[in-house]
Amino acid sequence: MAGKPKKNTTPNQGNSKNNIIYAIVVIVLCAVALFAGRQEQQQQEQTNSLQIFDGEIPQNDNFTISDAEFQVHMIDVGQGDSILVMADGQAMLIDAAESKASSAIISYLQAQNVTELEYAVATHLHADHIGGYPKVMGAVKPKNVIESICPESILPTTQTYEKYLKAIEESGAKYQALKAGDTFTLGNASITVLAPISEHASSLNNTSLVLRVQYDDVVCIFTGDMELPEEKTLVASSVEMPENFLKADFLKAGHHGSDTSSGADFLAKVQPEYVGISCGVDNKYGHPAQSTLEHLKAYTDEVHITAEEGDIVFLYDADTRQKKIVTSGKGE
Ligand SMILES: [Zn+2]
């Protein structure tokens, strides 16, 4: 077809040297383009695999106590409570059980290399929570002693209480009585006092200082010996709190697993993933109550009892965001 002349798209036939140079340039450009494309693909693959890793935390639980930035140790003290909370190397002791358990607590603290207590907490003034403090404070100095505000009408007049007061004085610790809503920190953990809310509790158990301890998004609730009336008050007041504020990964069940505590309404708010109960072997109170165990087991299979498993340790490894319970077992 005659018409418009064809656009000459071929290189000058007469210059073969130029042709060779042209071919080499084309080959080099193609090679560069191919290499760049491959690199981009590799980067994309890497990005993809990183994105996948971000969402999928490996589920091995090989981390050890020394890996765990946040630790809760329910020390096996027989009938009573003594719980060591460690956050980024700082230590808080919640209760010190009975006097006869003091040497076991001191040994435990020493084994964990705890040489100073940032906080010594007395949830309430019964002997199975403060009895060990005189000797414990003598061996491992507390910087701060924390209690709840106890109505004068029910302040104990026991020798145990007198000795406890004297030990605080001799320790030189700063003493504070806290109330619901107060906050403080331990390492990177933030701690909120949840209860007591009632100012006129008629029993010491219901003056228990209840602590919510949060590290990253891991929440633990320590209840002392809080019983049903104060649990109800706490649940009612939770409408004023941020959403799911009472929901907890780890719950220290109230009052040694007694049926006076761990009521349905409270557990429905807490929905614990792990539970620790501190009580003595064959204790005369029948703790923990079978009914309480059943209520707790409706939420989790991870219900651990010091009387059966010895020391119960809840660990959280911030690097891998894994948590688990390890137990010492009962020695001879
Ligand atoms: Zn108790």
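Description of the structure in this document. Note that the structure is predicted; figures quoted are calculated from it, not measured.

**A word on the sheet that holds strand S13 (residues 303-305)**
So, step 1. The strand order across the open sheet formed by seven strands is S7-S8-S9-S10-S11-S12-S13, and the pairing between neighbours is mixed. Each end of this open sheet is capped by a strand with a single partner; those strands are strand S7 (183-186) and S13. The average angle at which neighbouring strand axes cross in this sheet is 20 degrees, direction not considered.
So, step 2. Looking at chain direction, strand S11 (residues 250-252) and strand S12 (residues 274-277) are connected through three bridges and run parallel. Counterpart to Leu251 in the pairing with S12 is Val275.
So, step 3. On top of the sheet, helix H8 (residues 290-297) reaches S11, S12 and S13; it is set at about 145 degrees to S13, its chief contact.

**Quick look at unusual backbone geometry**
So, step 1. Residue Pro196 is reached from Ala195 by a cis peptide bond, and omega for that bond is 15 degrees.
So, step 2. Considering the arrangement of structural elements, one finds Pro196 in the loop between strand S8 (189-195) and strand S9 (210-215).
So, step 3. Note that the residue after His287, namely Pro288, is joined by a cis bond; omega there is -5 degrees.
So, step 4. Tracing the chain through its elements places Pro288 in the loop between S12 and H8.
So, step 5. Positioned with a positive phi, His256 is a non-glycine residue whose angle comes to about 55 degrees.
So, step 6. Within the secondary structure, His256 sits in the loop between S11 and helix H7 (264-270).
So, step 7. Residue class for His256 comes out buried when judged on its relative accessible area of 1%.

**What to know about the sheet that holds strand S14 (residues 312-317)**
So, step 1. The strand order S6-S5-S4-S3-S2-S1-S14-S15 describes an open sheet built from eight strands, whose pairing is mixed. Every other strand in the sheet has two partners, leaving strand S6 (174-178) and strand S15 (322-327) as the edge strands with one partner each. When the angles between neighbouring strand axes are averaged without regard to direction, this sheet yields 15 degrees.
So, step 2. Those strands touched by helix H5 (residues 159-171) are strand S5 (141-148) and S6, and its axis lies near 140 degrees from that of S5.

**A short note on the coordination of the zinc ion**
So, step 1. Bound to the zinc ion are the protein donor atoms Asp128 (OD), His129 (NE2), Asp225 (OD) and His256 (NE2), situated 2.1 Å from the metal.
So, step 2. Here the zinc ion binds four donor atoms, and the angle range of 88 to 154 degrees at the metal identifies the geometry as irregular.
So, step 3. All donors to the zinc ion come from one chain, and their sequence spacing reads D-H-x95-D-x30-H. Of the two residues, Asp128 is situated in helix H3 (residues 127-130) and His256 in the loop between S11 and H7; the sequence distance between them amounts to 128 residues.

**Let's talk about the pairing of strand S10 (residues 218-222)**
So, step 1. Within S10, five of the five residues are buried, which leaves the element mostly enclosed by the surrounding structure.
So, step 2. Residues Val218, Cys220 and Phe222 point to one face of S10 and Val219 and Ile221 to the other, with burial holding for every one of them.
So, step 3. Pairing geometry for S9 and S10, over five bridges, is antiparallel. Each residue of the ladder has a partner; that of Gln214, found in S10, is Val219.
So, step 4. With antiparallel pairing between neighbouring strands as the criterion, S9 and S10 make up a hairpin whose turn holds two residues, including Asp216 at a positive phi of roughly 50 degrees.
So, step 5. Here S10 pairs with S11 via three bridges, running parallel. Paired with Phe222 across the two strands is Lys252, which belongs to S11.
So, step 6. A crossover connection joins S10 to the parallel S11 through helix H6 (residues 228-237); in handedness this β-α-β unit is right-handed.

**Structural notes on the packing of aromatic side chains**
So, step 1. The final tally for this structure, using the stated rule, is eight aromatic pairs.
So, step 2. Considering the side-chain rings of Tyr133 and Tyr164, the 6.3 Å spacing of their centres and the 35 degrees angle between planes classify their relative orientation as tilted. Residue Tyr133 is found in helix H4 (residues 133-139), and its partner Tyr164 is found in helix H5; the two are separated by 31 residues along the sequence.
So, step 3. Residue class for Tyr133 comes out buried when judged on its relative accessible area of 0%.
So, step 4. Ring centres of Phe250 and Phe314 lie 5.3 Å apart, and the angle between their planes is 35 degrees; this geometry places the pair in the tilted category. Taken together, the positions of Phe250 in strand S11 and Phe314 in strand S14 put the pair 64 residues apart, joining distant regions of the chain. One exposure class covers both Phe250 and Phe314, and it is buried.

Parameters at a glance
- Residues numbered from 1 in each chain as written.
- Predicted model: local features only at pLDDT ≥ 70, side-chain atom pairs only at ≥ 80, totals over all residues.
- Heavy atoms only, no water.
- Pairing = 2+ DSSP bridges.
- Helix = DSSP H or I, 4+ residues; strand = E, 2+ residues; numbered from the N terminus.
- Axes fitted to C-alpha atoms, helices over the stretch in contact; angles between N-to-C directions.
- Contact = heavy atoms within 4.5 Å.
- Buried < 20%, exposed > 50% of the residue type's maximum accessible area, 1.4 Å probe, protein only.
- Donors = N, O, S within 2.8 Å, 3.2 Å for Na, K, Ca; no water.
- Tetrahedral: all angles 85-135°; square planar, octahedral: opposite > 155°, others 65-115°.
- Right-handed = clockwise from strand over helix to strand, strands pointing away.
- Phe/Tyr/Trp six-rings, centres within 6.5 Å; stacked < 30°, edge-to-face > 60°.

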